[in-house]
Amino acid sequence: MFQFANPHILWLLLVIPVMAVTLIAMSQLRKRNLAKFGNIAILRDLMPDISLWRVRIKSVLFLTAATAVIFAAARPQFGSKLKEQTSQGIEMMLVVDISNSMLAEDFAPNRLDRTRYAIDKLFSTLEQDRVGLVVFAGEAKVQLPITTDYRMARSFVKRISPSLVSVQGTEIGQALDLASLSFSQNRDAGRVMILITDGETHDSSALDAAKRAAEQGIKIFAIGIGTPEGAPVKVDGEFIKDEDDQMVVSRLNEELLQQITAATDGGYIRATNAAFGLEEIVAEIEKLEKGELTTLRFEEYNEQFQWILAIA
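> Teacher, can you tell me more about the overall build of the protein chain here?
Looking only at helices and strands, the protein chain has 10 helices and 12 strands in total. Out of the 312 residues in the protein chain, the part that is buried amounts to 39%. As displayed, the protein chain offers around 17500 Å² of accessible surface, 56% of which is attributable to carbon and sulfur atoms.

Written out as structure tokens, the structure reads:
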């Protein structure tokens with residue numbers, strides 16, 4: 001693990017280009033002053049001990065030394081010792097539908113944008129829990145392995161889009177199986193999934209996947225996003241149409257989501273424009289028994305500034 005103990009000092013590197021310009025300006029000034037005494041070529045013959053190359057080399061060495069001193073003052077360090085830190089929390093895998101149906105605009109601005117906003121807000125409030133992210137459409141993909149790095153998690157959430165998967169559809173069962181495999185091997189920690197989808201699928205394996213998750217002690221909570229009446233799906237400004245040239249309408253399938261959550265003794269909630277539902281589900285999750293989570297962190301660092309100072 002590499003780090004700077006005083007990273008703010010690196011701002012002084014902005015002075016180096018200023019110094020370089022100053023040295024060049026001084027060199028040009030010397031040439032102009034020398035030219036006042038006569039022809040430069042003749043003057044060089046009269047002053048054989050004067051070398052412009054020595055001046056240039058001195059300038060380069062000076063700038064190199066100044067740069068090295070700044071890096072040394074910033075104190076570069078390499079981590080030398082790992083320490084286990086334990087905390088009480090749970091492991092939470094978010095399983096997010098990114099199929100084209102999530103672009104329906106019955107939520108403002110659409111279902112997927114509303115989902116991104118809600119997850120980002122959730123990650124900004126977590127402290128000790130581990131989180132991961134699985135996205136799915138016609139195939140499932142681990143977007144973020146289980147982690148406690150919430151800053152990285154939030155950056156991954158911003159990239160969620162239907163383009164992350166090459167096959168369209170809504171394979172909930174495949175996504176649940178993949179999420180089950182994505183938890184750590186720590187069986188002492190509480191493990192939950194939060195499934196966010198409109199539930200519109202012909203996937204018959206979803207309920208079987210939920211039962212397999214329940215056998216592993218995983219609870220599934222689901223947020224149904226959409227409305228039973230449905231909304232047309234727009235992709236790249238154009239409404240999607242079926243084989244009969246009719247607009248495709250995406251409808252919320254609450255019955256399937258309720259069956260999935262019931263199989264794991266979890267919970268279901270329907271999102272609305274006023275309240276997405278993540279806060280309510282997290283409040284329920286907080287009531288679950290927390291387990292001991294172990295995280296490896298670098299504790300001791302070896303100073304490396306001596307080598308850079310020697311160069312200076």
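> It is not clear to me how a nonpolar patch on the surface should be interpreted in this structure. Could you clarify?
On the surface, a nonpolar cluster with roughly 250 Å² of combined accessible area is contributed by L12, V15 and V18. Topologically, V18 is positioned in helix 1 (residues 15-35).

> Just checking my understanding: could you explain unusual backbone geometry for this structure?
The general pattern is negative phi for most residues beyond glycine and trans for most peptide bonds. Put simply, A108 and P109 share a cis peptide bond, and its omega is -5°. One can find P109 in the loop between strand 2 (76-97) and helix 4 (111-123). Its identity as a non-glycine residue notwithstanding, R75 has a phi of 55°, on the positive side. Its location among the elements puts R75 in the loop between helix 3 (52-73) and strand 2.

> I would appreciate a short explanation of the nonpolar core in the present structure.
Across soluble globular proteins, nonpolar side chains have a tendency to be buried as a group. Counting residues in each nonpolar core, the largest one holds 40 residues, and the members touching the most others are M92, L94, F123, I194 and I196. Of all the secondary structure elements, the ones that give two or more residues to this core are strand 2, helix 4, strand 3 (130-136), helix 5 (150-157), strand 5 (190-197), strand 6 (218-224) and helix 9 (278-286). Every residue in contact with I196, bar those within four places of it in the chain, is listed here: L94, V95, V96, D97, T115, I119, I223, I225 and F276. With 23 residues, the next largest nonpolar core counts V134, A175, I220 and L257 among its residues.

> What am I meant to see in the pattern of salt bridges here?
Once their charged atoms are close, side chains differing in charge can pair, the charge on each being opposite to the other. Tallied over the full model, the rule gives 10 salt bridges. With a shortest N-O distance of 2.8 Å, R111 and D106 are connected by a salt bridge. The exposure class of D106 is buried, given its relative accessible area of 17%. In this structure, the salt-bridge partner of D120 is R154, at a minimum N-O distance of 2.9 Å.

> It is not clear to me how the packing of aromatic side chains should be interpreted in this structure. Could you clarify?
Counted according to the given criterion, the structure contains one aromatic pair. Plain terms: the ring middles of F4 and F71 are 6.3 Å apart, the flat faces sit at 35° to each other, and that makes the pair tilted. With a gap of 67 residues between them, F4 in strand 1 (residues 2-4) and F71 in helix 3 connect regions that are remote in the sequence. Its relative accessible area of 23% is what places F4 among the partly exposed residues. Seen from the ring of F156, R159 lies directly overhead, with NZ or CZ sitting 4.7 Å from the centre. The aromatic ring of F183 is capped on one face by R191, whose charged end is 5.5 Å from the ring centroid.

> What is the right way to look at helix 6 (residues 172-181) in this model?
Since the α-helix advances by 3.6 residues per turn, residues separated by three or four positions end up pointing in the same direction. Listed as buried for helix 6 are I172, G173, A175, L176, A179 and S180. The buried side chains of helix 6 occupy one side of the element, clustering within an arc of 160° when seen end-on.

> What is the right way to read the packing of helix 6 against helix 7 (residues 206-215) from this model?
Angle between the axes and distance between the axes: these two values describe a pair of packed helices. Two numbers describe how helix 6 lies on helix 7: the axes approach to 7 Å, and their chain directions differ by 20°. Relative to helix 7, the element helix 6 is oriented roughly parallel. For helix 6 against helix 7, the interelement crossing comes out left-handed. For the pair helix 6 and helix 7, the contacting residues are I172, G173, L176, D177 and S180 in the first and A206, A209, A210, R212 and A213 in the second. In terms of residue class, the contact of helix 6 with helix 7 is made up of six nonpolar, two polar and two charged.

> Mind showing me how you'd approach the pairing of strand 5 here?
The two faces of the sheet receive side chains in turn, since in a regular strand these alternate between them. Within strand 5, eight of the eight residues are buried, which leaves the element mostly enclosed by the surrounding structure. Of the two faces of strand 5, both are covered, the one formed by G190, V192, I194 and I196 as well as the one formed by R191, M193, L195 and T197. In this structure, strand 5 lies alongside strand 6, joined through seven bridges in parallel fashion. By the bridge assignment for strand 6, I196 is matched with I223.

> Looking at this structure, I do not really get helix 7. What am I missing?
Regarding helix 7, the residues found buried are A206, A209, A210 and A213. The buried residues of helix 7 occupy an angular sector of 100° when projected down its axis, which confines them to one face. Residues of helix 7 that are buried sit in contact with helix 6, strand 5, strand 6 and helix 8 (254-263).

Each value, and the rule that gives it
- As a convention, each chain's residues are numbered from 1 in the sequence order in which they are written.
- Per-residue local features are limited, in this predicted model, to residues with pLDDT of at least 70; the limit for side-chain atom pairs, both in listing and counting, is 80 or more; totals at the level of whole chains, interfaces and linings are taken over all residues.
- Side-chain measures were taken over the full set of non-hydrogen atoms in the model, leaving aside hydrogen atoms and water.
- Secondary structure is summarised from DSSP: a helix means a run of H or I of at least four residues, a strand means a run of E of at least two, and numbering begins at the N terminus for each.
- The classification of residues rests on relative accessible area computed with a 1.4 Å probe and restricted to protein chains. Under 20% of the type maximum is buried, over 50% is exposed, and intermediate values are partly exposed.
- Note that accessible areas follow from Shrake-Rupley with a 1.4 Å probe, and for residues the cover is restricted to the protein chains shown.
- The patches described consist of residues with a relative accessible area above 30% and no salt bridge, like charges being joined within 9 Å and nonpolar side chains (Val, Leu, Ile, Met, Phe, Trp, Tyr) within 5 Å.
- By definition, a salt bridge exists where a carboxyl oxygen of Asp or Glu is found within 4 Å of a side-chain nitrogen of Lys or Arg.
- Buried Ala, Val, Leu, Ile, Met, Phe, Trp, Tyr and Cys residues form a nonpolar core when they are joined through side-chain atoms within 4.5 Å.
- Any pair of residues with heavy atoms lying within 4.5 Å of one another is described as a contacting pair.
- Aromatic pairing here means that ring centres of Phe, Tyr or Trp (its six-membered ring) are within 6.5 Å. Orientation follows from the plane angle: under 30 degrees is stacked, over 60 is edge-to-face, and everything else is tilted.
- Think of it as a cone above the ring: NZ of Lys or CZ of Arg counts as a charge over the ring if it is within 6 Å of the ring centre and within 35 degrees of the ring normal.
- The directions from the helix axis to the C-beta atoms form the arc being described.
- Fitting a line to C-alpha atoms yields each axis, with helices limited to the stretch in contact; the angle taken between N-to-C directions then spans 0 to 180 degrees.
- Geometric relationships in this document are graded by angle, where less than 35 degrees denotes roughly parallel, more than 145 denotes roughly antiparallel, 65 to 115 denotes roughly perpendicular, and other angles denote oblique.
- Definitions for this section: a left-handed crossing has its near helix turned counterclockwise from the far helix by less than a right angle. A right-handed crossing has that turn clockwise.
- Side-chain classes follow a simple rule in which Ala, Val, Leu, Ile, Met, Phe, Trp, Tyr, Cys and Pro form the nonpolar group, Asp, Glu, Lys and Arg form the charged group, and the remainder, Gly included, forms the polar group.
- Pairing between two strands requires that DSSP report at least two bridges joining them.

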